[in-house]
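# Results of the structural survey
Residues per chain are reported as follows:
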Amino acid sequence: MTILRNRSRAAAPFRSLQIVPLVLFATISCSSTIEPRSGVTLLVTNGTCKGGHCDSLRVLGFPGNQPLTPGGFWSLDLGLITESEACFTLPRTAAFHVIGVRPDGTMDTTTFTWTSAKSLALGAQPPSSSQLQANPSTGAFVPASAAGWQITVPGGSQATPSSVCTP
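Residues numbered from 1 in each chain as written. Predicted model: local features only at pLDDT ≥ 70, side-chain atom pairs only at ≥ 80, totals over all residues. Heavy atoms only, no water.

### Some remarks on unusual backbone geometry
For the bond from Val 153 to Pro 154, the omega torsion is -15°, close enough to zero to count as cis. With respect to the secondary-structure elements, Pro 154 resides in the loop between β8 (148-153) and β9 (160-162). (Helix = DSSP H or I, 4+ residues; strand = E, 2+ residues; numbered from the N terminus.)

Shown next as structure tokens:
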């Protein structure tokens, strides 16, 4: 019996190695095949409109690949909505640079790149509010997975695919 236990223990690392290709294959198979897309539009309905008056809102996009910075969330300023609806064209790509200083005094820059093939959540706030305090208020979606999207802000919880709007 002791021999069998020792053989089983010795064989255990080899069983792990047999699992690695399977896990690697599953990871590659589940990877996204969506490519970044230009010209994706977002039709935003202003949920503040009442009796013919609409509050102005700054519409922001929050990339899913957020760095951990003390300055709040990284956001893309998609534009201002002042009427009942507005159409925005989402960027194909955007970059956020975190600039730090190493102990020797040299600059250390890390770049976070977002593309329309990665997730994006939305938020809206009055134009006078600081973007440092901005937060997403919707679920994330992948803009490149449809040519057009629509949502109501505030109030909408998820952007949904729609026809392309004209900015």
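After that view, the rundown keeps rolling.
### Digging into the packing of aromatic side chains
As enumerated under the stated definition, the model contains 3 aromatic pairs in all. A ring pair is formed by Phe 62 and Phe 73, whose centres lie 6.0 Å apart and whose planes are at 80°; its orientation type is edge-to-face. Of this pair, Phe 62 sits in strand β2 (residues 57-63) while Phe 73 sits in the loop between β2 and β3 (76-81), and the two are 11 residues apart along the sequence. Taking the relative accessible area as the measure of exposure, Phe 73 reaches 37% and is therefore partly exposed. Each ring, one from Trp 74 and one from Phe 96, has its centre 5.4 Å from the other, and the planes form 25°; the classification is stacked. One end of the pair, Trp 74, is in the loop between β2 and β3; the other, Phe 96, is in strand β5 (residues 93-101), with 22 residues separating them in the sequence. (Phe/Tyr/Trp six-rings, centres within 6.5 Å; stacked < 30°, edge-to-face > 60°. Buried < 20%, exposed > 50% of the residue type's maximum accessible area, 1.4 Å probe, protein only.)

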